[in-house]
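# Structure at a glance
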Amino acid sequence: AQSVTQLDSHVSVSEGTPVLLRCNYSSSYSPSLFWYVQHPNKGLQLLLKYTSAATLVKGINGFEAEFKKSETSFHLTKPSAHMSDAAEYFCVVSGSGNTPLVFGKGTRLSVIA
Amino acid sequence: ETGVTQTPRHLVMGMTNKKSLKCEQHLGHNAMYWYKQSAKKPLELMFVYNFKEQTENNSVPSRFSPECPNSSHLFLHLHTLQPEDSALYLCASSQEAVAGGRNTQYFGPGTRLTVL
């Protein structure tokens, strides 16, 4: 069965410093992996998606994630945090067969001025 | 309008009320989804419609009743809810519902539901 673990429930960074949001997954199939962002009182917005092409995936707003099969990880990074990046981030893995997407519990990113 | 829209954005209802949530997608997609987002819990898939046919009911109580009259519209009819049903209800759409949910889903802003 598929599963996803977001290793930090809350990450706090200073504006202008790098962001690292960690995600580990478990899948018995070659998965599709997603990162979504949710700003307060908003729906989920797709940041990026991995589908077994390039292992380094570039997304919107300067975010990128690297698929590492040997480590079963799909960490999200950004070189320099902006205040507008403060939000909840969700790592998501595709299911298999009739199993739908599996969502992580989310990581809340705070950006300090 | 573009993307996925949801109305109302906020809803307060008593346990004996009947209300409906509406979702509309303007992306030309064929699959639509209802999710429940509660505090401190992962998103829970409730229902999936693919080409207007319900393909997934994730053990949702019968007090939640979905309706999909066409590929662009999705409703969630609510009756005799409980306070623990208070949550953010998110609608999403995708090209179609494929195995494992591999097609990218696009989400609406959600309806914040409070049951008194």
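All of the points below concern the structure found in this document. Keep in mind that what you see is a predicted model, and the values were worked out from it rather than measured. (Residues numbered from 1 in each chain as written. Chains lettered and ligands numbered in written order. Predicted model: local features only at pLDDT ≥ 70, side-chain atom pairs only at ≥ 80, totals over all residues. Heavy atoms only, no water.)

Our next topic: the overall build of chain A. The helix and strand tally for chain A stands at zero helices and 12 strands. Shown N-terminal to C-terminal, the secondary structure of chain A runs as helices and strands in the order β-β-β-β-β-β-β-β-β-β-β-β. Here the C-alpha atoms of chain A give a radius of gyration of 14 Å, agreeing with the 13 Å that 2.2 N^0.38 yields for 113 residues. Once the C-alpha set of chain A is aligned to its principal axes, its extents read approximately 45 × 30 × 20 Å. In chain A, buried positions account for 44% of the 113 residues. The contacts of chain A with a sequence gap of at least 6 include a subset with a gap of at least 24, amounting to 56%. Treating the 9 positive side-chain charges of chain A as one cloud and the 7 negative ones as another, the clouds have centres 6 Å apart. (Helix = DSSP H or I, 4+ residues; strand = E, 2+ residues; numbered from the N terminus. Rg over C-alpha atoms; globule rule 2.2 N^0.38 Å. Buried < 20%, exposed > 50% of the residue type's maximum accessible area, 1.4 Å probe, protein only. Contact = heavy atoms within 4.5 Å. Lys, Arg positive; Asp, Glu negative; His and termini not counted. Charge placed at Lys NZ, Arg CZ, Asp CG, Glu CD.)

A separate point is the interface of chain B and chain A. Think of interface size as the accessible area that goes away when the parts come together; that is how it is often given. Listed as interface residues are 19 residues of chain B and, on the opposing side, 25 residues of chain A. Across the chain B/chain A interface, buried area totals approximately 1700 Å², and carbon plus sulfur atoms make up 53% of it. Sorting the residues of chain B by area buried against chain A places Gly100(B), Arg102(B) and Phe107(B) first, and these three jointly supply 33% of that buried surface. Taken together, the links from chain B to chain A amount to zero salt bridges. Between the two partners, chain B and chain A, sit four residue pairs in polar contact (both at pLDDT 80 or more). Elements represented by at least two residues in the side of chain B that touches chain A include exactly strand E4 (31-37) and strand E9 (87-94) of chain B. Of the residues that constitute the side of chain B that touches chain A, the class distribution is nine nonpolar, seven polar and three charged. (Buried area = accessible area lost by both parts, 1.4 Å probe. Salt bridge = Lys/Arg side-chain N within 4 Å of Asp/Glu carboxyl O. Polar contact = N/O pair within 3.5 Å; in protein donor to acceptor, adjacent residues only side chain to side chain. Nonpolar A, V, L, I, M, F, W, Y, C, P; charged D, E, K, R; others polar.)

Moving on to the state of the cysteines. Tallying each qualifying case throughout the model produces two disulfides over all chains. Two residues, Cys23(A) and Cys91(A), share a disulfide whose sulfurs are 2.0 Å apart. With the S-S bond torsion at -70 degrees, the cross-link from Cys23(A) to Cys91(A) turns out left-handed. Of the two residues, Cys23(A) is situated in strand E4 (residues 23-26) and Cys91(A) in strand E10 (residues 87-93); the sequence distance between them amounts to 68 residues. Residue pairing for Cys23(B): its cysteine sulfur links by disulfide to Cys91(B), the two sulfurs lying 1.9 Å apart. Between Cys23(B) and Cys91(B) the disulfide shows an S-S torsion of about -75 degrees. By sign, it is left-handed. Here Cys23(B), found in strand E3 (residues 18-25), pairs with Cys91(B), found in strand E9; they are 68 residues apart in sequence, far enough to count as distant. Each member of the pair, Cys23(B) as well as Cys91(B), carries the same accessibility label: buried. (Disulfide = S-S within 2.5 Å.)

This paragraph deals with the sheet that holds strand E1 (residues 4-7) of chain B. All names here are of chain B. Taking strand neighbours across the sheet as the criterion, the four strands line up as E1-E3-E8-E7 in an open arrangement whose pairing is antiparallel. The open sheet has two free edges, formed respectively by E1 and strand E7 (64-70), since each of these has just one partner strand. For this sheet, the mean angle separating the axes of adjacent strands, direction not counted, is 20 degrees. Inspection of the sheet shows E7 paired to strand E8 (residues 73-79) by five bridges, in the antiparallel sense. (Pairing = 2+ DSSP bridges. Axes fitted to C-alpha atoms, helices over the stretch in contact; angles between N-to-C directions.)

This part is about the nonpolar core. Residues Trp35(A), Phe74(A), Leu76(A) and Tyr89(A) are the most contacted members of the largest nonpolar core, which totals 26 residues. With residues near it in sequence (within four places) discarded, Tyr89(A) still touches Gln6(A), Leu21(A), Trp35(A), Tyr36(A), Val37(A), Leu47(A), Phe63(A), Leu76(A), Gly106(A), Thr107(A) and Leu109(A). (Core = buried A, V, L, I, M, F, W, Y, C linked by side-chain atoms within 4.5 Å.)

Now for the pairing of E4(A). Residues and elements named next belong to chain A. Where burial is concerned, the two faces of E4 differ: the one with Cys23 and Tyr25 is buried and the one with Asn24 and Ser26 is not. Bridging between strand E1 (residues 3-6) and E4 involves four bridges; their strand directions are antiparallel. Note on E4: the bridge partner recorded for Gln6 is Cys23.

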